[in-house]
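# Residue-level structural notes
In case you want the letters, here they are:
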Amino acid sequence: MKRTHHCNELRPAHIGQTVTLSGWVHSNRDLGGLIFIDIRDREGRTQTVFDPSDWTKELFEQAATLRSESVVSITGKVRQRPAGTNNAKIPTGEVEVMAQSFEVLNMAEVLPFPVDDPEVANKVNEELRLQYRYLDLRRPEMARNLRTRSKVATAIRVFMDEQGFLEVETPTLFKSTPEGAREFLVPNRREPGTFYALPQSPQQFKQILMVAGVEKYFQLARCYRDEDLRADRQPEFTQVDIEMSFIEREDIYALIEGLLQRVWKTALNVDVPTPFKRISFEEALNRYGIDKPDARFGMELVDFTEEFKGSKFGVFGKCIEGGGVVKAINARGLAGATQGQIETMTETAKGFGAKGLAYIKIENGEWKSPIVKFFSDAEKAALTTKLQIQEGDLILFAADQWLNACEILGKIRLYCADVLKTQGKLTIPADQFNFLWVIEFPLLGFDRENNRWYSSHHPFTAPVTDDIPFLKTDPKKVRGQHYDIVVNGVELGGGSIRIHQPDVQKTIFEELLQIPPDMVQARFGYMLEAFKYGAPPHGGIALGFDRLIAILCNTPSIRDVIAFPKTAKGTCLMTDSPSTVEPKQLRDLHIELKVKPVASGIPA
RNA sequence: GGGGGCGUAGCUCAAUUGGUUAGAGCGCUGCCCUGUCACGGCAGAGGUUACGGGUUCGAGCCCCGCCGCUCCCGCCA
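Note that this is a predicted model, so its numbers are computed, not measured.

Read across the open sheet, the 5 strands follow the order β12-β13-β16-β14-β15; overall the sheet is antiparallel. Each end of this open sheet is capped by a strand with a single partner; those strands are β12 (302-303) and β15 (366-368). Pairing geometry for strand β14 (residues 359-363) and β15, over 3 bridges, is antiparallel. Bridge pairing links glutamate 363 to glutamate 366 in β15. Against the sheet, helix α9 (residues 314-321) contacts β13 (325-331) and β16 (394-400), and its axis sits at roughly 40° relative to β16.

What follows is the structure, encoded as structure tokens:
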């Protein structure tokens, strides 16, 4: 080994020992007659001292030229720092190593951006950080994220093992099942014109594993989706994939609550109270306007449909006549909202097809609003009471069909919370975690354009037993045995009890989803077949592992917890992928391009 | 597919809103400095203002195009 200790190890107890430290030059402070070189490795850093009386002129001058981030190995004697020179900021700050010899293992060029100063490095353009990811990952903050990720992955494996689960790897060369997200395709050289697809999730394999008698399966599974990206979406990502046999929903709730408890304890030393609260899809929409509520703050939606029935204010009255609802939120303290902020919220409402956004500002004891003059005294009284209106409030309305009205105010509620946060009027502690199970989702949604039902989760979700009779009479009423786990307004994962009877599954595919029988056979035939030979009742869940780690690391972007993430356009700036390929490779695959290869990458 | 934001020295940012030689801090290079840890002091180098056009007496700034990064909507069974 080129080291005897790591750089966060030496303490007064080591004084007098001769040690060798290896790592990167964190900083080189040349005082002329004395040089201090902080050497840093994964664990931390230690100060080394070069005294000219110990060195030839050449070697001493060489030490002075050691540039930041060069890799060195330094041997010397540990000693107490002189009185008054301890550095309380670092754990090794009571001692220093008197350098006796050193070896330059790799001299670094001048860096494209600083990695030693967290203040500056944090602000460096992400494009540059991604291009030089190996430098970016040296930053303690990024190194900490990687470490958290690894620790949590291990904690999950240990916990799942304790619970009797087997980790089983499933193929990443799968077949195309075009119902869901767009897939990445992999051409098959052996039979031109056929393709593998990279799996969007191991869903079908894990259900087959239940038929195979595995009973308790999990996997840290890599998944692929060829959709447009976001701060919390990458084309390849990792999910904690879980499936169990002979269970009900309660078993999954208990398992995941235990798992997350372990994860939070491991990563943050936080004790998460269980059981988690549960909220139905309908209640979530009614109170928060979204199916993944951030319940760390109030500002809940309040319904005024009854109060405005037959209202003189035509927009509300007519909406209710047409079967719609009137809802409102009270953004406490936001009466001073700027014209621009009101405009932003109005655009949000219009994005949902609303004509505008009605609001009331409560300022200087007055209700300032273009619409208040149409309100009756009873209506005003109802607003005052149910919204607990007081000076400085901003009341925002949505009048629309139920789902739309809820979703409009749901979006505006989150926007208002952001504005209030920046104004310091709303404070949410960083260590507050609000876990929620969202349950009783509708099994199906209706696609007006194509005039057919679609699965709101996926087609393997079992209906709530009591609702099965409605499958053929009133599909909209059928609830699925589906559940989402939500924390602080982020969807951490979701799952369901699955259908294990082939006839029910076939009904869903063919009668409700209207997939032609031959297509069902081609895509899912093997599953229906498998379910004929002893399929146990089963269910499972998948947690977004990257999102989970991002929450634990308190970062909004999952790129910060993935070692080598892609950009929003799906490229890797470090390796410059994707790239063109050589003509021979295409010939082997019997693929002919209809576009000219782009200039970048390997010349064609 | 659609909408918004950004792009000036190696890095982070300025540039009196269209005005003459594009600045600062850090970094870098050289010199000085024996207790620093954001070391300090002095001096210096470093720019096709992403790129391509246009308007103008004059463009970092205005217009058009284009490339890259980013956020959001659509999309993500």
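What follows covers the sheet that holds strand β21 (residues 490-497). With mixed pairing, the 8 strands of this open sheet are ordered in space as β6-β9-β10-β22-β21-β20-β17-β11. Looking at strand neighbours, the two that pair on one side only are β6 (166-167) and β11 (277-280), the edges of this open sheet. As paired strands, strand β9 (residues 216-224) and strand β10 (residues 236-245) are joined by 9 bridges and run antiparallel to one another. For tyrosine 217, the partnering residue across the bridge sits in β10 and is glutamate 243. Here helix α7 (residues 249-268) sits on the sheet in contact with β10, β11, β17 (435-439), β20 (482-487), β21 and β22 (538-544), set at roughly 160° to β17.

Turning our eyes to something else, we now look at the protein's contact with RNA strand B. Close to RNA strand B lie 51 residues, the nearest being Asp30, Arg79, Thr85, Glu96 and His457. Within 4 Å of the protein, the contacting atoms of RNA strand B are drawn from sugar and phosphate to the extent of 50%. Interatomic distance of 3.5 Å between a backbone N/O atom of alanine 231 and a phosphate oxygen of RNA strand B. Serine 455 has a polar backbone atom sitting 3.1 Å from a sugar or linking oxygen of RNA strand B. Examining the composition of the surface near RNA strand B, we find that 3 residues originate from one element, helix α3 (residues 126-131), more than from any other.

Moving on to α7. With 20 residues, α7 extends 28 Å from end C-alpha to end C-alpha; this agrees with the ideal 28 Å at 1.5 Å per step. All of the buried residues along α7 are Ile252, Tyr253, Leu255, Ile256, Glu257, Gly258, Leu259, Leu260, Val263 and Trp264. Within two residues after α7, asparagine 269 carries a phi angle of roughly 55°, on the positive side.

Time to look at the packing of aromatic side chains. Here the structure, examined in full by the defined rule, presents 25 aromatic pairs. With a centroid separation of 5.2 Å and 25° between ring planes, the pair formed by phenylalanine 50 and tryptophan 55 is classed as stacked. We classify tryptophan 55 as buried; its relative accessible area is 11%. Aromatic side chains phenylalanine 276 and phenylalanine 435 sit 4.6 Å apart centroid to centroid with 10° between the ring planes, which places their arrangement in the stacked category. Residue phenylalanine 276 is found in the loop between α7 and β11, and its partner phenylalanine 435 is found in strand β17; the two are separated by 159 residues along the sequence. Ring pairs connect the aromatic residues Phe304, Phe308, Phe313, Phe316, Phe374, Phe375 and Phe397, which therefore count as one cluster.

The next subject is the pattern of salt bridges. All told, the structure shown has 42 salt bridges when counted by the stated rule. With its nearest N and O atoms 3.2 Å apart, the salt bridge here joins lysine 584 to aspartate 588. Of the two residues, lysine 584 and aspartate 588 both sit in helix α17 (residues 583-588), 4 residues apart, roughly one turn of that helix. Through salt bridges that share partners, Arg129, Arg133, Asp136, Arg139, Glu141 and Asp560 make up one connected network.

The next thing to look at is the confidence of the model for chain A. With 99% of its residues at a pLDDT of 70 or more, chain A shows a mean pLDDT of 93. Note that residues 599-604 has pLDDT below 50 and, in this model, 9 contacts with residues that lie over four places away or in other chains.

About the criteria used
Residues numbered from 1 in each chain as written. Chains lettered and ligands numbered in written order. Predicted model: local features only at pLDDT ≥ 70, side-chain atom pairs only at ≥ 80, totals over all residues. Heavy atoms only, no water. Pairing = 2+ DSSP bridges. Helix = DSSP H or I, 4+ residues; strand = E, 2+ residues; numbered from the N terminus. Contact = heavy atoms within 4.5 Å. Axes fitted to C-alpha atoms, helices over the stretch in contact; angles between N-to-C directions. Near = heavy atom within 4 Å. Polar contact = N/O pair within 3.5 Å; in protein donor to acceptor, adjacent residues only side chain to side chain. Expected span 1.5 Å × (residues − 1). Buried < 20%, exposed > 50% of the residue type's maximum accessible area, 1.4 Å probe, protein only. Phe/Tyr/Trp six-rings, centres within 6.5 Å; stacked < 30°, edge-to-face > 60°. Salt bridge = Lys/Arg side-chain N within 4 Å of Asp/Glu carboxyl O. pLDDT = per-residue confidence, 0-100.

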